[in-house]
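As a plain string of letters, each chain reads:
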Amino acid sequence: MSARGGGDEVPIAADADVVRVRQLVRARAQAAGLGLVDLTKVVTAASELARNTLVHGGGGTARVEAVAGTTAGGRPRSGVRAVFVDAGPGIPDVRAALQDGWSSGTGLGLGLSGARRLVDEFDLTSGVGSGTRVVVVKWGR
Ligand SMILES: Nc1ncnc2c1ncn2[C@@H]1O[C@H](COP(=O)(O)OP(=O)(O)OP(=O)(O)O)[C@@H](O)[C@H]1O
Ligand SMILES: [Mg+2]
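Parameters at a glance
Residues numbered from 1 in each chain as written. Chains lettered and ligands numbered in written order. Predicted model: local features only at pLDDT ≥ 70, side-chain atom pairs only at ≥ 80, totals over all residues. Helix = DSSP H or I, 4+ residues; strand = E, 2+ residues; numbered from the N terminus. Rg over C-alpha atoms; globule rule 2.2 N^0.38 Å. Buried ≥ 20, exposed ≤ 12 C-beta atoms within 10 Å, placed from the backbone. Contact = placed C-beta atoms within 7 Å. Axes fitted to C-alpha atoms, helices over the stretch in contact; angles between N-to-C directions. Parallel < 35°, antiparallel > 145°, perpendicular 65-115°, else oblique. Left-handed = near helix turned anticlockwise from the far one by under 90°. Nonpolar A, V, L, I, M, F, W, Y, C, P; charged D, E, K, R; others polar. Near = placed C-beta within 6 Å. Pairing = 2+ DSSP bridges.

(A) Here's a closer look at the overall build of the protein. Along the protein, the regular secondary structure elements total four helices and six strands. Mapped in sequence order, the helices and strands of the protein form the string β-β-α-α-β-β-α-α-β-β. In terms of overall size, the protein behaves like a compact globule, its C-alpha atoms giving a radius of gyration of 15 Å where 141 residues would be expected to give roughly 14 Å. When the 141 residues of the protein are sorted by exposure, 33% land in the buried category. When contacts within the protein are restricted to residue pairs at least 6 apart in sequence, those whose partners lie at least 24 apart make up 62%.

The following block contains the structure:
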(Lines give C-alpha, C1' and ligand atoms only; values in the text may rest on other atoms or scores of the structure.)
(Ligands and ions follow the chains in the order given, each with its own letter.)
Protein backbone atom coordinates (compact mmCIF):
# COMPACT_ATOMS: atom_id res chain seq x y z
CA MET A 1 0.00 0.00 0.00
CA SER A 2 1.57 3.28 -1.02
CA ALA A 3 0.45 6.75 -0.01
CA ARG A 4 0.35 9.48 -2.64
CA GLY A 5 -1.49 12.75 -2.63
CA GLY A 6 -3.26 11.96 0.62
CA GLY A 7 -4.75 8.70 -0.60
CA ASP A 8 -3.70 5.09 -0.59
CA GLU A 9 -3.17 2.86 -3.56
CA VAL A 10 -3.63 -0.87 -3.17
CA PRO A 11 -2.79 -3.48 -5.79
CA ILE A 12 -5.62 -5.91 -6.49
CA ALA A 13 -4.12 -9.23 -7.45
CA ALA A 14 -5.65 -11.74 -5.02
CA ASP A 15 -8.66 -12.28 -2.75
CA ALA A 16 -6.76 -10.88 0.23
CA ASP A 17 -6.42 -7.56 -1.61
CA VAL A 18 -10.21 -7.27 -1.86
CA VAL A 19 -10.31 -7.54 1.93
CA ARG A 20 -7.65 -4.82 2.21
CA VAL A 21 -9.64 -2.53 -0.05
CA ARG A 22 -12.71 -3.08 2.13
CA GLN A 23 -10.70 -2.24 5.26
CA LEU A 24 -9.21 0.85 3.70
CA VAL A 25 -12.55 2.17 2.47
CA ARG A 26 -14.08 1.49 5.88
CA ALA A 27 -11.29 3.41 7.65
CA ARG A 28 -11.50 6.39 5.26
CA ALA A 29 -15.29 6.47 5.42
CA GLN A 30 -15.18 6.40 9.21
CA ALA A 31 -12.62 9.22 9.23
CA ALA A 32 -14.91 11.21 6.92
CA GLY A 33 -17.71 10.85 9.46
CA LEU A 34 -20.03 8.60 7.47
CA GLY A 35 -22.69 6.89 9.54
CA LEU A 36 -22.98 3.12 9.77
CA VAL A 37 -25.51 2.79 6.95
CA ASP A 38 -23.54 4.90 4.45
CA LEU A 39 -20.31 3.29 5.56
CA THR A 40 -21.71 -0.17 4.92
CA LYS A 41 -23.02 0.92 1.52
CA VAL A 42 -19.69 2.27 0.29
CA VAL A 43 -17.76 -0.70 1.66
CA THR A 44 -20.16 -3.06 -0.15
CA ALA A 45 -19.83 -1.12 -3.40
CA ALA A 46 -16.04 -1.07 -3.14
CA SER A 47 -16.00 -4.77 -2.45
CA GLU A 48 -17.97 -5.54 -5.62
CA LEU A 49 -15.79 -3.23 -7.71
CA ALA A 50 -12.57 -4.67 -6.31
CA ARG A 51 -13.84 -8.16 -7.07
CA ASN A 52 -14.66 -7.14 -10.65
CA THR A 53 -11.17 -5.66 -11.02
CA LEU A 54 -9.73 -8.98 -9.89
CA VAL A 55 -12.06 -11.40 -11.68
CA HIS A 56 -12.95 -9.60 -14.91
CA GLY A 57 -10.09 -7.12 -15.21
CA GLY A 58 -7.34 -9.58 -14.43
CA GLY A 59 -6.18 -7.48 -11.49
CA GLY A 60 -5.37 -3.80 -11.14
CA THR A 61 -5.32 -1.16 -8.45
CA ALA A 62 -7.65 0.62 -6.06
CA ARG A 63 -7.00 4.15 -4.91
CA VAL A 64 -8.86 5.30 -1.82
CA GLU A 65 -8.87 8.89 -0.61
CA ALA A 66 -10.71 11.41 1.49
CA VAL A 67 -12.59 14.13 -0.39
CA ALA A 68 -13.93 17.47 0.74
CA GLY A 69 -16.76 19.38 -0.87
CA THR A 70 -19.89 21.37 -0.19
CA THR A 71 -23.56 20.47 -0.27
CA ALA A 72 -25.98 22.20 -2.66
CA GLY A 73 -26.74 24.47 0.28
CA GLY A 74 -23.10 25.45 0.68
CA ARG A 75 -22.45 23.43 3.82
CA PRO A 76 -19.03 21.72 3.93
CA ARG A 77 -19.04 17.95 3.73
CA SER A 78 -16.48 15.21 3.61
CA GLY A 79 -16.54 11.84 1.96
CA VAL A 80 -14.55 9.02 0.51
CA ARG A 81 -13.58 8.37 -3.11
CA ALA A 82 -12.41 5.04 -4.49
CA VAL A 83 -10.95 4.58 -7.96
CA PHE A 84 -10.57 1.12 -9.50
CA VAL A 85 -8.33 0.70 -12.52
CA ASP A 86 -7.38 -2.31 -14.57
CA ALA A 87 -5.80 -2.90 -17.95
CA GLY A 88 -7.97 -5.92 -18.69
CA PRO A 89 -10.23 -6.72 -21.66
CA GLY A 90 -12.63 -3.82 -21.04
CA ILE A 91 -16.44 -3.89 -21.24
CA PRO A 92 -17.86 -4.04 -24.78
CA ASP A 93 -21.34 -2.86 -23.75
CA VAL A 94 -21.26 -0.71 -20.62
CA ARG A 95 -25.02 -0.11 -20.75
CA ALA A 96 -25.72 -3.84 -20.65
CA ALA A 97 -23.13 -4.44 -17.95
CA LEU A 98 -24.86 -1.88 -15.72
CA GLN A 99 -28.21 -3.67 -15.94
CA ASP A 100 -29.37 -5.76 -13.01
CA GLY A 101 -28.74 -9.41 -13.74
CA TRP A 102 -26.37 -9.01 -16.69
CA SER A 103 -23.22 -11.09 -16.38
CA SER A 104 -20.78 -12.31 -19.01
CA GLY A 105 -20.01 -15.23 -16.72
CA THR A 106 -21.76 -17.16 -14.00
CA GLY A 107 -22.14 -14.23 -11.60
CA LEU A 108 -25.48 -12.79 -10.53
CA GLY A 109 -24.72 -9.65 -12.50
CA LEU A 110 -25.61 -7.46 -9.55
CA GLY A 111 -22.16 -6.11 -8.74
CA LEU A 112 -22.01 -3.04 -10.97
CA SER A 113 -25.69 -2.14 -10.79
CA GLY A 114 -25.70 -2.60 -7.03
CA ALA A 115 -22.53 -0.59 -6.55
CA ARG A 116 -23.99 2.27 -8.58
CA ARG A 117 -27.08 2.41 -6.37
CA LEU A 118 -25.07 2.36 -3.15
CA VAL A 119 -22.94 5.44 -3.81
CA ASP A 120 -23.56 9.14 -4.49
CA GLU A 121 -21.33 9.45 -7.57
CA PHE A 122 -20.47 6.70 -10.03
CA ASP A 123 -18.39 6.96 -13.18
CA LEU A 124 -17.41 4.03 -15.37
CA THR A 125 -15.15 4.31 -18.40
CA SER A 126 -14.04 1.27 -20.31
CA GLY A 127 -12.44 0.51 -23.62
CA VAL A 128 -12.22 -2.87 -25.27
CA GLY A 129 -8.60 -3.91 -25.07
CA SER A 130 -7.59 -0.97 -22.91
CA GLY A 131 -9.20 -1.67 -19.56
CA THR A 132 -11.73 -0.28 -17.15
CA ARG A 133 -11.85 2.58 -14.65
CA VAL A 134 -14.60 3.03 -12.09
CA VAL A 135 -14.79 6.01 -9.72
CA VAL A 136 -17.20 6.13 -6.81
CA VAL A 137 -17.81 8.80 -4.18
CA LYS A 138 -19.86 8.55 -1.01
CA TRP A 139 -20.52 11.68 1.04
CA GLY A 140 -21.17 12.04 4.72
CA ARG A 141 -24.39 13.81 5.64
N1 LIG B 1 -13.30 -4.53 -14.54
C2 LIG B 1 -13.97 -5.18 -15.48
N3 LIG B 1 -13.35 -5.58 -16.63
C4 LIG B 1 -14.03 -6.23 -17.60
N5 LIG B 1 -15.34 -6.53 -17.53
C6 LIG B 1 -16.01 -6.16 -16.42
C7 LIG B 1 -15.38 -5.46 -15.35
N8 LIG B 1 -16.30 -5.22 -14.39
C9 LIG B 1 -17.45 -5.74 -14.84
N10 LIG B 1 -17.28 -6.31 -16.06
C11 LIG B 1 -18.32 -6.95 -16.91
O12 LIG B 1 -19.58 -6.49 -16.48
C13 LIG B 1 -20.41 -7.60 -16.13
C14 LIG B 1 -21.33 -7.18 -15.02
O15 LIG B 1 -20.58 -6.98 -13.81
P16 LIG B 1 -21.30 -7.29 -12.42
O17 LIG B 1 -20.32 -7.04 -11.33
O18 LIG B 1 -22.58 -6.56 -12.40
O19 LIG B 1 -21.65 -8.85 -12.54
P20 LIG B 1 -20.74 -10.12 -12.31
O21 LIG B 1 -19.39 -9.71 -11.78
O22 LIG B 1 -20.74 -10.93 -13.56
O23 LIG B 1 -21.56 -10.89 -11.19
P24 LIG B 1 -21.67 -10.51 -9.63
O25 LIG B 1 -20.87 -9.27 -9.39
O26 LIG B 1 -23.13 -10.31 -9.36
O27 LIG B 1 -21.09 -11.69 -8.93
C28 LIG B 1 -19.45 -8.72 -15.82
O29 LIG B 1 -20.04 -9.99 -15.99
C30 LIG B 1 -18.32 -8.46 -16.79
O31 LIG B 1 -18.61 -8.98 -18.07
MG1 LIG C 1 -19.18 -8.45 -10.16
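(B) Structural context of the packing of helix α1 (residues 15-31) against helix α2 (residues 36-55). Look at α1 against α2: their axes get within 9 Å of each other, and the N-to-C directions meet at 150°. Looking at the two axes, α1 sits roughly antiparallel to α2. The chirality of how α1 crosses α2 is right-handed. Of the residues in α2, those touching α1 at Val 18, Val 21, Arg 22, Val 25, Arg 26, Ala 29 and Gln 30 are Leu 39, Val 42, Val 43, Ala 46, Ser 47, Ala 50, Arg 51 and Leu 54. Looking at the contact of α1 with α2 residue by residue, the class counts come to 10 nonpolar, two polar and three charged.

(C) How the structure looks around the site of ligand 1. By nearness alone, 23 residues border ligand 1, and His 56, Ser 103, Ser 104, Gly 107 and Gly 111 come closest of all. Where the shell around ligand 1 is concerned, the elements lending two or more residues are α2 and α4 (111-118). For the shell around ligand 1, the residue count by class is seven nonpolar, 14 polar and two charged.

(D) How the structure looks around the pairing of strand β6 (residues 131-139). Taken together, the eight bridges between strand β4 (residues 76-86) and β6 define a ladder with antiparallel strand orientation. Each bridged residue has a counterpart across the sheet, and for Asp 86 the counterpart in β6 is Thr 132. Between strand β5 (residues 121-127) and β6, which follow one another and run antiparallel, lie three residues, and Gly 129 among them has a positive phi close to 90°.

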